[in-house]
Amino acid sequence: MQVVGISASVVVGTLLLVALWALRRRLHASERELDGKARELATSRAAEQRLVEELAEARRAEEEARRARDEAVTASRSKSAFLANMSHELRTPLNSILGFAQLVERDPSLADRHRENLAVICKSGEHLLGLVNDILEMAKIEAGRMTLVDAEFDLHDTLSGLSEMFAVEAQKRGLTLRVEREQDVPRHVHGDEGKLRQVLINLLGNALKFTPRGSVTLRASSRRSTGVREGGAPDGAAAGRVRVSFEVTDTGRGMAKAELAELFEAFGQTATGRQSREGTGLGLHISRRIVRMMGGDIRVESQVGRGTTLRFDVRLSLADAPDARAGGAARHPAALRAVGLSPGQPRYRVLVVDDRWDVRHCLLKLLDSVGVEARSATNGLGAVAQWETWAPHLVLLDLRMPLLDGYEAASRIKASARGHETVVVAMTASAFEQNRALAAEAGCDDFVSKPFRDADILGLLTKHLGARFEYEERAAEPGAAQGAPAVDLARAAAGLPAALRKDLRRAATRLDAKAVQATLDRFRPEDADLAGAVAELARGYRFDSILALSSADEEEPS
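Quick summary incoming for the structure in this document. (Residues numbered from 1 in each chain as written. Predicted model: local features only at pLDDT ≥ 70, side-chain atom pairs only at ≥ 80, totals over all residues. Heavy atoms only, no water.)

Structural notes on the nonpolar core
Where a protein is soluble and globular, its nonpolar side chains tend to be buried together.
Reasoning step 1: Formed by 34 residues in total, the largest nonpolar core has its most connected members in L196, F246 and F312.
Reasoning step 2: Taken together, the elements giving at least two residues each to this core come down to helix 3 (155-172), strand 2 (175-181), helix 4 (193-209), strand 4 (214-224), strand 5 (241-250), helix 7 (283-293) and strand 7 (307-318).
Reasoning step 3: Apart from the residues lying within four places of it in its own chain, the contact partners of L196 are F153, L155, F246, M294, F312 and V314.
Reasoning step 4: Listed in part, the 26 residues of the second largest apolar core include A338, V370, L394 and V423. (Core = buried A, V, L, I, M, F, W, Y, C linked by side-chain atoms within 4.5 Å. Buried < 20%, exposed > 50% of the residue type's maximum accessible area, 1.4 Å probe, protein only. Helix = DSSP H or I, 4+ residues; strand = E, 2+ residues; numbered from the N terminus. Contact = heavy atoms within 4.5 Å.)

Points about empty space enclosed by the protein
Reasoning step 1: Counting across every chain of the model gives one cavity of 30 Å³ or more.
Reasoning step 2: Here the largest cavity is characterised by a volume of approximately 40 Å³.
Reasoning step 3: As for the largest cavity, its lining consists of G99, Q102, C362, L363, L366, F452, R453, D454 and I457.
Reasoning step 4: Those elements that provide at least two residues to the lining of the largest cavity are helix 1 (2-105), helix 8 (357-369) and helix 12 (454-465).
Reasoning step 5: The greatest single-element share of the lining of the largest cavity, amounting to three residues, is contributed by helix 8.
Reasoning step 6: Of the residues that constitute the lining of the largest cavity, the class distribution is five nonpolar, two polar and two charged. (1 Å grid on protein atoms, 1.4 Å probe; cavity = no way out; pocket = protein on both sides within 12 Å on 5 of 7 lines; lining within 4 Å. Points joined across faces, edges and corners; volume = space filled by probe spheres on them. Nonpolar A, V, L, I, M, F, W, Y, C, P; charged D, E, K, R; others polar.)

Things to note about the packing of aromatic side chains
Two aromatic rings, taken as a pair, are described by how far apart their centres are and by the angle between their planes.
Reasoning step 1: Tallied over the entire structure, the rule returns one aromatic pair.
Reasoning step 2: Of note, R418 hangs over the ring of W387, and the distance from its end group to the ring centre comes to 4.2 Å. (Phe/Tyr/Trp six-rings, centres within 6.5 Å; stacked < 30°, edge-to-face > 60°. Lys NZ or Arg CZ within 6 Å of the ring centre and 35° of its normal.)

Here's the deal with the packing of helix 14 (residues 498-509) against helix 15 (residues 513-523)
Reasoning step 1: Two numbers describe how helix 14 lies on helix 15: the axes approach to 8 Å, and their chain directions differ by 160°. Viewed along their axes, helix 14 and helix 15 adopt a mutual orientation that is roughly antiparallel. For the crossing formed where helix 14 meets helix 15, the hand is left-handed. Across the interface between the two elements, L500, D503, L504, A507 and A508 of helix 14 pack against A515, V516, T519, L520, R522 and F523 of helix 15.
Reasoning step 2: Its residues placed into classes, the contact of helix 14 with helix 15 shows eight nonpolar, one polar and two charged. (Axes fitted to C-alpha atoms, helices over the stretch in contact; angles between N-to-C directions. Parallel < 35°, antiparallel > 145°, perpendicular 65-115°, else oblique. Left-handed = near helix turned anticlockwise from the far one by under 90°.)

Description of helix 15
Reasoning step 1: Restricting attention to buried positions, one finds in helix 15 the residues A515, V516, T519, L520 and F523. The arc that holds every buried residue of helix 15, seen down its axis, measures 140°, which confines them to one face. (Arc of directions from axis to C-beta.)

What to know about the environment of G344
Reasoning step 1: Looking at the element boundaries, G344 is found in the loop between strand 8 (336-341) and strand 9 (349-353).
Reasoning step 2: The spatial distance from the C-alpha of G344 to the C-alpha of R468 is 9.4 Å, given a sequence separation of 124 residues.

Comments concerning the sheet that holds strand 10 (residues 373-377)
Reasoning step 1: Taken in spatial order, the five strands line up as 10-9-11-12-13 in an open sheet, and their pairing is parallel. Only two strands of the sheet have a single partner each, and these edge strands are strand 10 and strand 13 (446-449). Neighbour-to-neighbour, the strand axes of this sheet turn through a mean angle of 20°, independent of strand direction.
Reasoning step 2: Both strand 9 and strand 11 (residues 394-398) contribute to a ladder of four bridges, which runs parallel. In the strand pairing of strand 11, V352 is matched with L396.
Reasoning step 3: Contacting strand 11 and strand 12 (423-428), helix 10 (residues 406-414) runs over the sheet at an angle of about 155° to strand 11.
Reasoning step 4: Contacts from helix 12 reach strand 9, strand 11, strand 12 and strand 13 within the one sheet, and its direction differs from that of strand 11 by about 135°. (Pairing = 2+ DSSP bridges.)

Comments concerning unusual backbone geometry
Reasoning step 1: A positive phi angle, close to 55°, is found at A391, a residue other than glycine.
Reasoning step 2: The backbone of L403 sits at a positive phi, close to 65°, despite the residue not being glycine.
Reasoning step 3: Looking at where L403 falls in the secondary structure, it is placed in the loop between strand 11 and helix 10.

Considering the pairing of strand 3 (residues 188-191)
Reasoning step 1: With four bridges connecting them, strand 1 (residues 151-154) and strand 3 associate as antiparallel partners. Counted as the bridge partner of D154 is H188 from strand 3.
Reasoning step 2: Alignment of strand 3 against strand 7, held across two bridges, turns out to be antiparallel. Residue pairing in the sheet places H190 in a bridge with S317 of strand 7.

Concerning the environment of H420
Reasoning step 1: Take H420: it is sitting in the loop between helix 10 and strand 12.
Reasoning step 2: Look at H420 and you get exposed, because its relative accessible area is 58%.
Reasoning step 3: For the pair H420 and C444, spaced 24 residues apart in the sequence, the C-alpha separation amounts to 9.9 Å.
Reasoning step 4: A polar side-chain atom of H420 sits 3.3 Å from the main-chain carbonyl oxygen of K414. (Polar contact = N/O pair within 3.5 Å; in protein donor to acceptor, adjacent residues only side chain to side chain.)

Re the pattern of salt bridges
Reasoning step 1: Inspection of the entire model under this criterion finds 20 salt bridges.
Reasoning step 2: Between E63 and R66 there is a salt bridge; the shortest N-O distance is 2.3 Å. You can see E63 and its partner R66 sitting in helix 1, three residues apart, about one turn around the helix.
Reasoning step 3: On the basis of relative accessible area, E63 is assigned to the partly exposed category, the value being 33%.
Reasoning step 4: Using a relative accessible area of 35% as the deciding quantity, one classes R66 as partly exposed.
Reasoning step 5: Between R187 and D154 there is a salt bridge; the shortest N-O distance is 2.8 Å. One end of the pair, R187, is in the loop between strand 2 and strand 3; the other, D154, is in strand 1, and 33 residues separate them in sequence. (Salt bridge = Lys/Arg side-chain N within 4 Å of Asp/Glu carboxyl O.)

What follows is the structure, encoded as structure tokens:
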């Protein structure tokens, strides 16, 4: 029994030891599990802390982004306001300078020497306007405010107008200007004519400026969309579209490959451009931006001494040919100016509304000179009152005026049935196209930008009222271009005796107009065309062109 008792005690003790060991293991396992839970909790708390910090950082970043966005919007509005004010302040005096110069030029009793001085004023004013436009266009690009204004226009007329515009300048420089249009180029298209003209004027102007001798050629061709996608599926959006390509080629100085990289950079100029000391270096940069907005791009090829070619293409839409308006406008060359209404025309009444005396006075004098009855008002309230009592056929309405601006005045006039019969044309010196849209929303029938020219105003009367004018052709200037230069000046000058060329070159180097004239008189009987053309260059102070002509045979590119 005693042995049995001892065995039982041993068994019980062993069982207790086993139980204690198992309990200890479970305790250790629980401790390890608790340690793991503690570590997980610490990790979770650390992650939660990081999340709190990230959320706080995100809130700070969001607040900074909102603040930066608000500052950007404020800055954009400030820039837009500054641009609008600067545009108005710069264009308005230019409108007076160019307007009164054109007004004085209409005086038939004006002496030739005064007419020459006016021509210098007009040319300088146009040059200044071009610089102002370049700077304002660049500011609009930076502000993201440049937009396209699509409208139907006559592409053939646009090209013809460019030919007329640059023909005299080409003749003065002794260059041949060609404008070539392929048969497939459509006449009536839909797009932004103003922007397209701006690009072509810039390219042609540069080509003429940097070409001392030879020719400048503008070529236009087109490729119509087939209206079919790749694979044969119809493309309704592409139907009726046309891609028109333009190419401006000159025989000028050309550019090295190293210069081409900076050709389209803002404020960048090639060595030739810097030597000319003209322009802002913005023209080609702006032109490329415009062309890209119109669905194309500009490419350039050039060789030193052999000339430059610039090519670009734009997307336009085909438009139906408009019906001829009864009594509509016939295009007139720039050499013609209106002197009065054609017989049988009614007595048109035009109301001029502007808060500036110089603008009103210039327009009143212009309209009176062609037989149009005109009155004026200084603000929108006066415009509405004059419209109610006088019933003008057309209202030229400035948009920025005190008391009542042009937008509200147009809305009040167009609010009645009788107002729909009155043509309201908005006038503004602002650079923003959005004013055109706002004016249209207010009821304006058309839009004209300051500074405007005589032809712009009279063209509005023809377009909207069917007015027809009598034109008086100005006396042809000696050696003036008649569509194309009457004489190849560079070749003709190269045929002069060496002594005459030397004397002409010496006179041009001294900027001595009298000496130039004396030299011309020596060969005028043998070559009146050449003498007349060079005399015209002297009157325009184009001694650089005379120098290039008199040295033509000595400076041919190799």
